[in-house]
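This is what each chain is made of:
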Amino acid sequence: MSDAIQLINEQKDYNKESLEYFKRCIDGRDVGFNYHVISVFGSQSSGKSTLLNHLFNTKFDTMDAQVKRQQTTKGIWLAHTREVNNNAGTQETGSDYFILDVEGSDGAERGEDQDFERKAALFAISVSEVLIVNMWEQQVGLYQGNNMGLLKTVFEVNLSLFGKRDNDHKMLLLFVIRDFVGVTPLESLRESLVNELEKIWSDLNKPAGCEDSTIYDFFDLEFTGLAHKLLQEENFFNDMKKLGDSFVNESTDPYYFKSHYHHNLPVDGWNMYAEQCWEQIENNRDLDLPTQQILVARFKTEDIANEAYGKFIETYTEDTKAIIEKREELVSYLKKTKDECIAEYDERASRYAKAVYEEKRIELLAKVDGQLYETSLTYFKKLSEKLLQQLEDEMKDKQSLKTPFEERYDIAFEKIESEFDNNVTEFFSNDVITKVKDIELKFAKDLDLKKCELRDAELANLISRIKKHITARIKEEEIEILTKPSPTLWDDVTDKFDSIISESLKRFQLEDGTYDFKMGLSQENNEKEYQNIRAFAWHILGTIVHDYLKEDTIVSLLRDRFEAKFRYDHNDIPRLWKNEEEIDLSFRIAKEHALEILNVLTIAVKSDGTEVIPDAQDDDAEGDVYYEDDSGVYHSQRFAHILTEAQKEKVLQQFRRQINVTVLDSKRSIITSSTHVPIWVYVLIVVLGWNEFMMIIRNPLGVTFLLISVVSFYFIQRLGLWGHVIRVANTVIGETRTTIKDKLKDFVLEEEHGSRPTASSTSFEMKDLSEKED
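Residues numbered from 1 in each chain as written. Predicted model: local features only at pLDDT ≥ 70, side-chain atom pairs only at ≥ 80, totals over all residues. Heavy atoms only, no water.

Per an unreviewed UniProt entry, the chain carries the name Protein SEY1 and comes from Nakaseomyces bracarensis. Recorded in UniProt for the chain, the comment headed Sequence similarities (unreviewed entry) runs: "Belongs to the TRAFAC class dynamin-like GTPase superfamily. GB1/RHD3 GTPase family. RHD3 subfamily." The annotation that UniProt attaches to the chain under Subcellular location (unreviewed entry) is "Endoplasmic reticulum membrane". (UniProt positions renumbered as here; feature names shortened; annotations may be inferred.)

Here it is as structure tokens:
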């Protein structure tokens, strides 16, 4: 029990220190909804404070009738108690009681000013569960004396405020009839009061929609009598104890504290609610009690939510940084902090209006989940980076590179997807994250990007290897064909080109003739890569053809073709010219043979007359465009155009000049061989050497030597080894000369040594002479 405080003073000011009073009364206990608010209402000096002091053991000031009958309670006073006098004695209950002692009505001090009376009565109805209407027995039946006029005004305001809404909240009007001596039965007094109240209610100006409402829709009515305190003191206290039973024992009939009387506000929110009600009453604004309850609930629940969230966030960031990559520890910590935050809010805020409590709870959950979601995103970002790196490592593992890309990717993808899903499931099942779609979509997107990155890199590597292989084969095999041109040159070149492409891509070719590079590409992209390879091959072939078939090269090819036909017969044996007519005939044939490929080397045209045009082309190619070279000659950039007409004429002139020189050299060799040695010389050799020939023929050794010499001469001549023979002979002669010189030199030195003593012998003789003299 605490001393009373003035909640609202005479100047109609609400006590700002009331909150501290509530805190002292509660003293840190968790009261929650386990409290009751009781107001007393009645005429001035009717014993209201005395009633409350005896019933609830409070300490309100009371009037001393022996001194002066005057107003004792000014304004509205509030007292706290946990004791109620009943038949069991002064019993401390398990609930807290807050008692409002309202200034008496119809006092001389206020006179005609009834404004405060109305506002005080309306305030009592607004904030109380039970309104005790204190009246004397002789006042029953009176209109002003029993405050029926004031009640009518309060009923009208109350009806206008709450009549239009479905409202389950009621309050108890407890009429305590004082100085009840029993002459008139209590039931008779009850009936009279009920009739008066019903009549008052029927005369009210009811708002639209409330025409059929009754007083019982908003109030419960109870009546009790108290004996005269002075004349029947013992009966008075017995009646007081009986009245106390109805406030304490739920089994008592009637029991005055029913659940629908309560305002559903925890005790720490009731003071704010009461202050707002009085502010609106005092300022003559519409008093909407449910709205006030909602406002209080919003304020308190928001305050509780902010406090709970503040504790949650206080060490959250630092704690999560240390364990951001440790899944089990992180999940456990996030779940624990979330549960603690929500539990703290639930414990304190669930006492307020359910709708507001749930609304703020949703908001708090959203804030907490948002923070947890951000942390989870950080974790999953790091996890994604780790899994994507794992995917890349597995895809680049040398042991698996022999397996097609798509098959390798499916195996690696299944592993990392399973690990990612396990992580998401653990976070979701522990209520750490409530939405996983965005996280899964983000990972799927990153995974697709990584797949494209790996596929592009591996495809580029594969295409690069294919291009290198094709380039090497084209350079080797196509140049070999170009070095031996024939009328079907370009048929051979294109056939070989198609063969190289086909053999290089054979492992990627499908039965229907399309290509699949086993990278998981669409048919369109596979075809695009194939065309890319083919365009590259055409570019390489074009570069080789145009780089090789320059003017000088074509002249050399024509000359080689001419000389092969001119100098050698059909058995590939060198020709021995007998006369100029034979040379001229061979010249004409060889020239025609050489010139039949000039047009072939000038423009790439197949044997069927179609020009060689690449069937695949780079996107950057400019098509059939002409350009000017350093000599001022225009060239076509088309594949088939090798020489211009001017270049062709230049090649023809150089070719003719070179073959003319060859023919002249051939003719000179005939003249030289026929005029250099006269015939008579051969006759003279035969005559003069006849005896020697006969001697050799008669000698078997000579015949053998002659045969060996003839055979050696034939093979040396046939194989063209005279150069080697001459070099060997020169070497033998040189070695022989050197040997002879060395021998002669040694011989001369020996002769000189034999004719005079050497320096060494003289020295020895001088030494011997000196020894003898000693």
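Enquirer: Explanation requested: the overall build of the chain in the structure shown.
Expert: Each helix and strand in the chain was counted, giving 24 helices and 9 strands. Evaluated residue by residue, the chain yields a buried proportion of 41% over its 774 residues. Look at the contacts in the chain between residues 6 or more apart in sequence, and 73% of them connect residues 24 or more apart. With an accessible surface of roughly 44200 Å², the chain has 51% of that area assigned to carbon and sulfur atoms. (Helix = DSSP H or I, 4+ residues; strand = E, 2+ residues; numbered from the N terminus. Buried < 20%, exposed > 50% of the residue type's maximum accessible area, 1.4 Å probe, protein only. Contact = heavy atoms within 4.5 Å. Areas by Shrake-Rupley, 256 points an atom, 1.4 Å probe, with all protein chains shown as cover.)

Enquirer: Sorry, what's going on with a negative patch on the surface here?
Expert: On the surface, a cluster of negative charge is contributed by Glu407, Asp410, Glu414, Glu417, Asp421 and Glu440. Element by element, the count of residues in the negative patch is highest for helix H12 (residues 405–429), at 5 residues. Along the chain, Glu440 turns up in helix H13 (residues 437–482). (Patch = residues over 30% accessible without salt bridge, like charges linked within 9 Å, V, L, I, M, F, W, Y side chains within 5 Å. Salt bridge = Lys/Arg side-chain N within 4 Å of Asp/Glu carboxyl O. Lys, Arg positive; Asp, Glu negative; His and termini not counted. Charge placed at Lys NZ, Arg CZ, Asp CG, Glu CD.)

Enquirer: Mind showing me how you'd approach the UniProt feature "binding site: GTP" (unreviewed entry) in the chain here?
Expert: Under the UniProt annotation, the feature "binding site: GTP" (unreviewed entry) is placed at Gly42, Ser43, Gln44, Ser45, Ser46, Gly47, Lys48 and Ser49. Within the secondary structure, Ser43 is located in the loop between strand E2 (35–42) and helix H2 (48–56).

Enquirer: Even after reading the chapter, I still don't get unusual backbone geometry, so can you show me in this structure?
Expert: Glycine aside, residues mostly have negative phi angles, and peptide bonds mostly take the trans form. The omega torsion across Asp253 and Pro254 is 5°, close enough to zero to call that bond cis. In this structure, Lys518 takes a positive phi of about 60° despite not being glycine. Relative to the helices and strands, Lys518 is located in the loop between helix H14 (489–504) and helix H15 (523–548). With a relative accessible area of 41%, Lys518 lands in the partly exposed category.

Enquirer: When you look at the pattern of salt bridges in this model, what are you seeing that I'm missing?
Expert: It is possible for side chains bearing opposite charge to pair when their charged atoms get close. Counted by the stated rule, this structure contains 30 salt bridges. As a salt-bridge pair, Lys170 and Asp220 come within 3.8 Å of each other at their nearest N and O atoms. Taken together, the residues span a long stretch of sequence, with Lys170 in the loop between helix H4 (148–162) and strand E6 (171–178) and Asp220 in strand E7 (residues 219–225) at a distance of 50 residues. Each of the salt bridges in this network shares a partner with another, and the network as a whole consists of Glu307, Lys311, Glu344 and Arg348.

Enquirer: Hey, could you run me through helix H1 (residues 18–26) in this one?
Expert: Note that an α-helix has 3.6 residues per turn; residues three or four places apart therefore point the same way. Residues of H1 that are buried include every one of Ser18, Tyr21, Phe22, Cys25 and Ile26, and no others. The arc that holds the buried residues of H1, viewed along the axis, is 130°, so those residues lie on one side. Within two residues after H1, Asp27 carries a phi angle of roughly 55°, on the positive side. (Arc of directions from axis to C-beta.)

Enquirer: What's the story with the packing of helix H11 (residues 354–395) against H12 in this structure? I'm lost.
Expert: Axis angle and axis distance: for two packed helices, these are the angle between their axes and the distance between the axes, and together they describe the pair. The contact between H11 and H12 brings their axes to 10 Å, and the two run at 160°. Judged on the interaxial angle alone, H12 and H11 are roughly antiparallel. Viewed along their axes, H11 and H12 form a crossing whose handedness is right-handed. On H12, the residues touching Ser376, Tyr379, Phe380, Leu383, Ser384, Lys386, Leu387, Gln390, Leu391, Glu394 and Met395 of H11 are Phe405, Arg408, Tyr409, Ala412, Phe413, Lys415, Ile416, Glu419, Phe420, Asn423, Val424 and Phe427. (Axes fitted to C-alpha atoms, helices over the stretch in contact; angles between N-to-C directions. Parallel < 35°, antiparallel > 145°, perpendicular 65-115°, else oblique. Left-handed = near helix turned anticlockwise from the far one by under 90°.)

Enquirer: How do you make sense of the pairing of E2 when you look at a structure like this?
Expert: Each regular strand shows side chains that alternate between the opposite faces of the sheet. Along E2, 8 of the 8 residues are buried, which leaves the element largely enclosed by surrounding structure. Because side chains alternate across E2, one face comprises the buried residues Tyr35, Val37, Ser39 and Phe41, and the other comprises His36, Ile38, Val40 and Gly42, equally buried. Pairing of E2 with strand E5 (residues 130–136) involves 5 bridges; the strand directions are parallel. When the sheet's bridge partners are listed, Val40 is paired in E5 with Ile132. (Pairing = 2+ DSSP bridges.)

Enquirer: I keep staring at the pairing of E7 and nothing clicks. Help me out?
Expert: Within E7, 6 of the 7 residues are buried, which leaves the element mostly enclosed by the surrounding structure. In this structure, E6 lies alongside E7, joined through 7 bridges in parallel fashion. Its bridge partner lying in E7, Met171 is registered against Phe219. Each parallel crossover has a hand, and for E6 linked through helix H5 (residues 186–202) to E7 it is right-handed. (Right-handed = clockwise from strand over helix to strand, strands pointing away.)

Enquirer: Is there a simple way to think about the side chain of Ser586 in this case?
Expert: With respect to the secondary-structure elements, Ser586 resides in helix H17 (residues 580–595). Overall, Ser586 belongs to the buried group, its relative accessible area being 9%. If we ignore the near neighbours within four places in the chain, the residues touching Ser586 are Phe566, Arg575 and Trp577.

Enquirer: How should the nonpolar core be read in this particular structure?
Expert: Here is a general trend for soluble globular proteins: nonpolar side chains tend to be buried in one another's company. Counting 166 residues, the largest nonpolar core has Phe123, Phe155, Phe175, Phe219, Trp490 and Phe517 as its most contacted members. Top element by residues in this core is H11. It accounts for 13 residues. Setting aside chain neighbours within four positions, we find Phe123 in contact with Leu7, Ile8, Ile76, Leu100, Ala274, Trp278 and Ile281. (Core = buried A, V, L, I, M, F, W, Y, C linked by side-chain atoms within 4.5 Å.)

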